[in-house]
Amino acid sequence: MKYMAKVVIVIPTYNERENTEKMIEALAGELPKIKNHEVHVLYVDDTSPDTTYEVVREKGEKYPWLHLLLNAEKKGLGVAYAKGFTFAMEKLEADYVMEFDADFQHRPDEIKRLVEKIDEGYEYIIGSRYIPGGSIPKEWGFSRKFLSVVGNLIARVGLLMPKVHDLTTGFKLTKSSVMKKIDLDHLYSNSFAYKVQILGQAIQGGAKWAEVPITFMARTKGESKIIKNEMAETLKVIFLVQFHNPKMRRFFKFGTVGFIGYIINASFLYLFSKRGFPEWVSWAGSTELAIISNFTLNNLWTFSSNKISGIGKIASKFLQFNLTSAGALAIQTGVGTLGVMILGPQYRQILLPFIVVFLVLPYNYLMYNLVIWRTWKFPLLDKLLAKKQA
Ligand SMILES: Nc1nc2c(ncn2[C@@H]2O[C@H](COP(=O)(O)OP(=O)(O)O)[C@@H](O)[C@H]2O)c(=O)[nH]1
Ligand SMILES: [Mg+2]
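Fair warning: this is a prediction, and the values are worked out from it, not measured in the lab.

Asker: Would you take a moment to explain helix α5 (residues 142-158) for this structure?
Answerer: The periodicity of an α-helix, 3.6 residues per turn, causes residues three or four places apart in sequence to face the same way. For α5, which comprises 17 residues, the first-to-last C-alpha distance of 24 Å matches the rise-based estimate of 24 Å (1.5 Å per residue) to within 8%. All of the buried residues along α5 are Ser148, Gly151, Asn152 and Ala155. Along the long axis of α5, the arc covered by the buried residues comes to 95°, so they all point the same way. Along α5, the residues that are exposed and aim more than 90 degrees away from the buried face are Phe142, Ser143 and Val157.

The following block contains the structure:
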């Protein structure tokens, strides 16, 4: 899939005059080495008091690939990048946009390594400091290293993305179709933590991603703009990304419906036995009511995007639902009995929550997604079911 993509490197600046002339000349030396793609550079300056933008303007007369977006106000790094990406995609018609710092912490000679990945079909390319071949500055003291590693780990766990090694890096290349799915006008954070949002939503959105090792250099000129501790901001962003993640929302609703089912089960068990119904009737009746509640609420709420409707369809699916629920009952009974046999009766009450959390919930969730509401599609299973129906 080789094609000539238009890549726009977006470089936000605020008081980077000392770095900018040198950087533009370094880029002028590097970019011609990238042969099979058209590379442009867009500086996004927030009217730096040191007039960084004047350097860009001047050089722009010499280099046709150099562009400047001048903002009247400084509103934070996230805002600067969002404006830069939008400008690059809409005005410069970028196929890919790159995040790149102005201060030589990202190496201009490593740009081509990220760009090369376009030819392999990747849509979200991460310049990674934490994979073999990548590194952070040796000059960094313990606390700086610690903060970077811990911040990364929190993002990795919070976003449930164990396969990504660097989630807070600022050196990245994103396909415009991936970036356009993200609401750049309303980022969850105006500052550095926006990076975690774009990464989280790009990967959750199914972008084909890869990590490429980069050498993160120490800043030699100018000052770092990270003023406050970004940790709280990053936590907020992780929470919001997961809160808006459709898959997490569905799982949360599934849990809520299950909990309501449990309340119904328990209340009617109490009521029926108080009314003097036979023991087995109280159990069967209250359990079936919980099953009806689970089926109805999951159909109307959790899986509303795949809602089952029509009397006939509802009846047959409800029957299926009862069968998968019977499966859950079998698992719980089987493992519970076996567990008590092995461990002894004093473990009965400890076993129950473990069986529910690690076996029954995953089983139910799998069955709902795979069999009942069919939100997860597996070609092989589809073929099998199709054969059965035919
Ligand atoms: N336009 C703009 N650029 C910013 C802002 N904050 C930081 N930058 C730029 O973003 C890049 C990364 O910032 P830097 O201070 O080096 O962060 P650090 O490397 O994490 O210490 C640099 O090129 C900065 O000039 C901002 O509010 N507006
Ligand atoms: Mg920097």
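Asker: Can you help me understand the pairing of strand β5 (residues 124-128) in this one?
Answerer: For a regular strand, the rule is simple: side chains alternate between the two faces of the sheet. The buried count for β5 comes to 5 of 5 residues, which makes it a mostly enclosed element. Because side chains alternate across β5, one face comprises the buried residues Tyr124, Ile126 and Ser128, and the other comprises Ile125 and Gly127, equally buried. As defined by bridge partners, β5 adjoins strand β7 (residues 209-213) across 5 bridges and the pair is classed as parallel. Residue pairing in the sheet places Ser128 in a bridge with Pro213 of β7.

Asker: Please clarify how the coordination of the magnesium ion (ligand 2) should be interpreted in this entry.
Answerer: Each angle at a metal carrying four tetrahedral donors should ideally be 109.5 degrees, and each at a metal carrying six octahedral donors should ideally be 90 or 180 degrees. Distances from the magnesium ion (ligand 2) to its protein donors, Asp103 (OD) and Gln105 (OE1), fall within 1.8 to 2.0 Å. Take Asp103 and Gln105: they sit in the same class, and that class is buried.

Asker: Whenever I open this one, the environment of Tyr363 confuses me. Can you help?
Answerer: Along the polypeptide, Tyr363 turns up in helix α12 (residues 348-372). The exposure class assigned to Tyr363 is buried, which follows from its relative accessible area of 17%. Residues Tyr363 and Ser325 lie 38 residues apart in sequence; the distance between their C-alpha atoms is 9.6 Å. The contact partners of Tyr363, leaving out residues within four places of it in the chain, are Thr324, Gly327, Ala328 and Ile331.

Asker: Which parts of the structure should I look at to understand the packing of α5 against helix α8 (residues 231-243)?
Answerer: Each pair of packed helices gets described by two things: the angle between the helix axes and the distance between those axes. Closest axis-to-axis distance for the α5/α8 pair is 10 Å, and the angle between their directions is 15°. With respect to their mutual orientation, α5 and α8 come out roughly parallel. With respect to the hand of their crossing, α5 and α8 are arranged in right-handed fashion. Here Leu147, Val150, Gly151, Ile154, Ala155 and Gly158 of α5 lie close against α8, whose contacting residues are Met231, Leu235, Ile238 and Gln242. The residue inventory of the contact of α5 with α8, partitioned by class, reads 7 nonpolar, 3 polar and no charged.

Asker: Whenever I open this one, the packing of aromatic side chains confuses me. Can you help?
Answerer: How two aromatic rings sit relative to each other is set out by the distance from centre to centre and by the angle between their planes. By the definition in use, this model includes 24 aromatic pairs. Each member of the aromatic cluster is reached from another via a ring pair, and the members are Phe251, Phe254, Phe295, Phe303, Phe318, Phe321, Tyr365, Tyr368, Trp373 and Trp376. Across from the ring centre of Tyr14, 4.7 Å away, lies the NZ or CZ of Lys74, which sits over that ring. The positively charged end of Lys208 is found above the aromatic ring belonging to Tyr122, 4.4 Å away from the centroid.

Asker: I keep staring at the environment of Ile214 and nothing clicks. Help me out?
Answerer: Following the sequence through the fold, Ile214 ends up in the loop between β7 and α8. Between the alpha carbons of Ile214 and Tyr130 there is a distance of 8.6 Å; along the sequence they are 84 residues apart. In contact with Ile214, other than residues within four places in its own chain, are His106, Glu110, Leu114, Gly127, Ser128, Arg129, Gly133, Gly134, Ser135, Thr169 and Phe171.

Asker: Honestly, the pattern of salt bridges in this entry has me stumped. Any pointers?
Answerer: Any two side chains of opposite charge can pair, so long as their charged atoms come close to each other. Inspection of the entire model under this criterion finds 13 salt bridges. Taking the shortest distance from any N to any O, the salt bridge between Arg107 and Asp109 comes out at 2.9 Å. Residue classification places Asp109 among the partly exposed residues on the basis of a relative accessible area of 29%. The residue Lys236 makes a salt bridge to Glu233 at a minimum N-O spacing of 3.6 Å. A residue pair is termed a helical-turn pair when its members lie 3 or 4 positions apart in one helix, as Lys236 and Glu233 do in helix α8 at 3 residues. The buried category is assigned to Glu233, whose relative accessible area is 18%. Through salt bridges that share partners, Glu21, Glu25, Lys59 and Lys62 make up one connected network.

Asker: I keep staring at the site of ligand 1 and nothing clicks. Help me out?
Answerer: Within the structure, ligand 1 sits among 20 residues, and Glu16, Asp46, Gln105, Ser224 and Lys225 are positioned closest to it. One of the backbone nitrogen or oxygen atoms of Gly76 is found 3.4 Å away from an oxygen atom of ligand 1. Protein burial of ligand 1: of its 570 Å² of free accessible surface, 96% is covered by the chains. For the shell around ligand 1, the elements supplying multiple residues, two or more each, are β1 (6-13) and α3 (77-90). Here the shell around ligand 1 is composed, by residue class, of 8 nonpolar, 4 polar and 8 charged.

Reading guide: rules and limits
- Residues numbered from 1 in each chain as written.
- Chains lettered and ligands numbered in written order.
- Predicted model: local features only at pLDDT ≥ 70, side-chain atom pairs only at ≥ 80, totals over all residues.
- Heavy atoms only, no water.
- Helix = DSSP H or I, 4+ residues; strand = E, 2+ residues; numbered from the N terminus.
- Expected span 1.5 Å × (residues − 1).
- Buried < 20%, exposed > 50% of the residue type's maximum accessible area, 1.4 Å probe, protein only.
- Arc of directions from axis to C-beta.
- Pairing = 2+ DSSP bridges.
- Donors = N, O, S within 2.8 Å, 3.2 Å for Na, K, Ca; no water.
- Contact = heavy atoms within 4.5 Å.
- Axes fitted to C-alpha atoms, helices over the stretch in contact; angles between N-to-C directions.
- Parallel < 35°, antiparallel > 145°, perpendicular 65-115°, else oblique.
- Left-handed = near helix turned anticlockwise from the far one by under 90°.
- Nonpolar A, V, L, I, M, F, W, Y, C, P; charged D, E, K, R; others polar.
- Phe/Tyr/Trp six-rings, centres within 6.5 Å; stacked < 30°, edge-to-face > 60°.
- Lys NZ or Arg CZ within 6 Å of the ring centre and 35° of its normal.
- Salt bridge = Lys/Arg side-chain N within 4 Å of Asp/Glu carboxyl O.
- Near = heavy atom within 4 Å.
- Polar contact = N/O pair within 3.5 Å; in protein donor to acceptor, adjacent residues only side chain to side chain.
- Areas by Shrake-Rupley, 256 points an atom, 1.4 Å probe, with all protein chains shown as cover.

Don't take any of this as a statement about function, it's just geometry.
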